[in-house]
Each structure stands twice: as C-alpha cells, then as structure tokens.
Amino acid sequence: MPHSTPDENKKKSFRFCHTADWHLDYFQYQKKERWEDFIRAANLCTTMMIEETPDFIIHCGDFFHNFKPSPGALRYAISILEKFKKAKIPFYIIRGNHDASKAQVQRFGGTILKLLEDLGYILYVQDEMIDINEFIAFIGVGEYGKSTGDVL
C-alpha cells in the first residue's frame, strides 16, 4: 500500500471574511445622518476585515441600497473598494435584491456591480461557480424573489 508523504498530509487553511447588507446610499428616514451612518459602518467593516488579513472576502448581497446608486455613494464605494484592492484582497460580490433584479440586469446591460468589476474593484459572481483556488469553490446565485428556490 503506498504511503503518503508528509506534504500530502498537511491541511491547507484559508482565511476569509463574509459580509452582506451594507446598503450604501440608504437615506433611512430621509435623514442624511443615516446615509452617513451606512458609509461609516462600511468603512469600519473594511478596516476590521483588512486587519484580519483574509485570503478573500465574500459580500452576499445588498452592497448598495438602490439599483442606481447616487454619484456620492458610488464615490464612497470606490474609495472603500480601493482599500481592498491596495491590500490585494479579492472582493467577491453576489447580487442581492436591492442591487438589482434579474430583469433589471437584462434590461440595462448589467448592474453597477458589473461596472465595478469592469473597473477592477470587485469580482462579481452571478449564477455561476467560482474556483477561488484548487481547494475552494463557491456558487453565487443572485436574488430572484419567490423563484430563488427554483433557481437553486
């Protein structure tokens, strides 16, 4: 019977952060202070995640509160995502119900998340399996309302 080498017996470990529901650009109660609270919370979360030095980050939906975020929210989002890019931490995002419906994705040629991917800030995972490396893969399924279970 062949024996395994010590290297084959080693377990590979990875560190990752999971987050969701940042809802950037949310004017809760029509208050600018609440809009700023969401930005501050995202910045704090960003700082904490970068300090953890993960191999990657998975954001599971509702990065923005609206399908068409304001220019101000988009600028803040880019400044936040730039920190992950500078730290060389891949940032995967799955579309949530606030980010866009599947119909909006098809009608408008993609979402703001696709634009952020095109600009090199995120890795947008939509209805596909992603191999992060030889040990880790995940499937990202966007939000489909009542038919999400059928899509899964």
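The coordinates are above.
Just so it is clear, the structure is predicted and the values come from calculations on it, not from any experiment.

Peer 1: How would you summarise the pairing of strand β2 (residues 56-59) if you had to cite specific residues and measurements?
Peer 2: Covered by surrounding structure in β2 are F56 and I58 together with I57 and H59, the residues of both alternating faces. Running through helix α2 (residues 32-51), the crossover from strand β1 (residues 16-19) to the neighbouring parallel element β2 is right-handed. The pairing of β2 with strand β3 (residues 91-94) spans three bridges and is parallel. By the bridge assignment for β3, I57 is matched with F91. Remark: the β2/helix α3 (residues 71-86)/β3 crossover connection has right-handed handedness.

Peer 1: Which residues make up the side chain of D99, and what are the values?
Peer 2: With respect to the secondary-structure elements, D99 resides in the loop between β3 and α4 (102-107). Despite being buried, D99 has no salt bridge partner; R95 is the closest side chain of opposite charge, sitting 7.3 Å away. A polar contact of 2.7 Å, which involves the side chain of D99, links it to the backbone nitrogen of D62. Within polar-contact distance, the side chain of D99 engages the backbone nitrogen of F63 at 3.1 Å. Ignoring any residue separated from it by four or fewer positions in sequence, one finds D99 in contact with G61, D62, F63, F64, F67, I94 and L113.

Peer 1: Requested: an account of the packing of aromatic side chains, with residues and values cited.
Peer 2: Tallying each qualifying case throughout the model produces 12 aromatic pairs. With 5.0 Å between their ring centres and 90° between their planes, F63 and F64 make a pair best called edge-to-face. Under the relative-accessibility criterion, F63 is labelled buried at 0%. One aromatic cluster is present, formed by W22, F63, F64, F84 and F91 through successive ring pairs. Against the face of Y121 rests K85, its NZ or CZ located 4.8 Å from the ring centre.

Peer 1: So, the sheet that holds β2: which residues are in play, and what are the values?
Peer 2: Strand order in this open sheet of four strands is β1-β2-β3-β4, and the pairing throughout is parallel. Every interior strand has two partners, whereas the edge strands, β1 and β4 (123-125), have only one. Across the sheet, the mean angle separating the axes of adjacent strands is 20° when strand polarity is ignored. In the sheet, β1 pairs with β2 via four bridges, with the strands oriented parallel. Counterpart to T19 in the pairing with β2 is H59.

Basis of the calculations
- Residues numbered from 1 in each chain as written.
- Predicted model: local features only at pLDDT ≥ 70, side-chain atom pairs only at ≥ 80, totals over all residues.
- Heavy atoms only, no water.
- Buried < 20%, exposed > 50% of the residue type's maximum accessible area, 1.4 Å probe, protein only.
- Helix = DSSP H or I, 4+ residues; strand = E, 2+ residues; numbered from the N terminus.
- Right-handed = clockwise from strand over helix to strand, strands pointing away.
- Pairing = 2+ DSSP bridges.
- Lys, Arg positive; Asp, Glu negative; His and termini not counted.
- Salt bridge = Lys/Arg side-chain N within 4 Å of Asp/Glu carboxyl O.
- Polar contact = N/O pair within 3.5 Å; in protein donor to acceptor, adjacent residues only side chain to side chain.
- Contact = heavy atoms within 4.5 Å.
- Phe/Tyr/Trp six-rings, centres within 6.5 Å; stacked < 30°, edge-to-face > 60°.
- Lys NZ or Arg CZ within 6 Å of the ring centre and 35° of its normal.
- Axes fitted to C-alpha atoms, helices over the stretch in contact; angles between N-to-C directions.

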